[in-house]
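# Close look at the chain arrangement
As a plain string of letters, each chain reads:
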Amino acid sequence: METAGRIFVFLGALFFVFSCSTAPKRPVEIFELRRMAESQMELANKAADQGNYETALLLLNDAWRIAVSADAPSLRIRTELSRGNVLFSLGRSEEASLAWNTALAEAEKSGSQELGSLSRIHIARGLILSAGEEGEIAPALREEIGRELGRIKSDNFYVAFGWVVAGLADKKLGRYEDAEASVRKALAIHEKDRYLEQAAYDWYLIASIRSAAGRYPAAREALESAIALDRRAENSWGLATDWRALGDVLKKAGDSAESEAAYRRAVEIFRSLGMDETAEEAESRIIPPAP
């Protein structure tokens, strides 16, 4: 719009305001677009927690569009971080890295120290998970996570996420006691704030840590806690992965009968979700009976 035209519109609006002395005061700030984006993000994160990554990505793409249209830096950053997580879960690691680094650049540009730290923790998580089960990471990466975590003060959910990533790093470094202690800090936050799916994942991760340390009965107990929470959340995908992990733990412990029962439970749930390929993979883990 040309400058003169814009001034004309402004003066017209000003005249209208002063001619309506009884009109209610207009809000200082409008939040409708930002509320829409937050709602989309909440739905997307819940879908991701339940393994519905394709749905989550569609919702996050829409949330990103709204965040861009509102020119809201915080929303742009958080949407890109979530998009990166979902893309990584879909095996699209290069796109995930790009999303996390886009979020970091936006955080640095906006001057948000906390969201910058959160972005670096997301990037660190990608490096840890990319290393695989047997891969190595530098101890300096764990130290960096600790420093960045110490800069996050205002949001308990972000703090919990940081402790989960710290636990992943501790586990990768073979520091199993430290790893469980880190994840338990996240668990305390998730249980207090009733984030059921996240608390279930915490127990799932604790089971993984205990299993890596050879503590199979303790790993089983942790997975039973995960199953109980995922049942409360009606998180079918979480339940299927819990039962599959329980099958793995019982197989390592030498209990083939109970291991088979756990795998078959996982297979049933995966199939009920229409995830036939994943169900077949879980079924393939069953040890065939000796001839």
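Residues numbered from 1 in each chain as written. Predicted model: local features only at pLDDT ≥ 70, side-chain atom pairs only at ≥ 80, totals over all residues. Heavy atoms only, no water.

On to the pattern of salt bridges, then. Inspection of the entire model under this criterion finds 21 salt bridges. For Glu 38, the salt bridge is made with Arg 78, and the minimal N-O distance between the two is 2.6 Å. With Glu 38 in helix H2 (residues 32-49) and Arg 78 in helix H4 (residues 73-89), the pair connects residues that are 40 residues apart, well separated along the chain. Residue classification places Glu 38 among the partly exposed residues on the basis of a relative accessible area of 34%. According to the relative accessible area criterion, Arg 78 is buried, its value standing at 14%. Among the salt bridges present, the one from Arg 264 reaches Glu 283, with a minimum N-O distance of 3.4 Å. Here Glu 283 lies in helix H14 (residues 276-283) and Arg 264 lies in helix H13 (residues 256-272), a separation of 19 residues in the sequence. A network of salt bridges, in which partner residues are shared, links Glu 108, Arg 120, Glu 148 and Arg 151. (Salt bridge = Lys/Arg side-chain N within 4 Å of Asp/Glu carboxyl O. Helix = DSSP H or I, 4+ residues; strand = E, 2+ residues; numbered from the N terminus. Buried < 20%, exposed > 50% of the residue type's maximum accessible area, 1.4 Å probe, protein only.)

Turning to the environment of Ile 152, a few remarks are in order. Topologically, Ile 152 is positioned in the loop between helix H7 (139-150) and helix H8 (156-172). Ile 152 sits 38 residues away from Glu 114 along the chain, and the two C-alpha atoms are 5.1 Å apart. Not counting residues up to four positions away in its chain, the partners in contact with Ile 152 are Glu 114, Ser 117, Leu 118, Ile 121, Tyr 158 and Val 159. (Contact = heavy atoms within 4.5 Å.)

Attention now goes to H8. Helix length check: H8, at 17 residues, gives a terminal C-alpha distance of 24 Å against a target of 24 Å (1.5 Å per residue), a fit within 8%. A large share of H8 lies buried, amounting to 14 of its 17 residues. One side-chain oxygen at the N-terminal end of H8 lies 2.8 Å from the backbone nitrogen of Phe 157; it belongs to Asp 155. (Expected span 1.5 Å × (residues − 1). Polar contact = N/O pair within 3.5 Å; in protein donor to acceptor, adjacent residues only side chain to side chain.)

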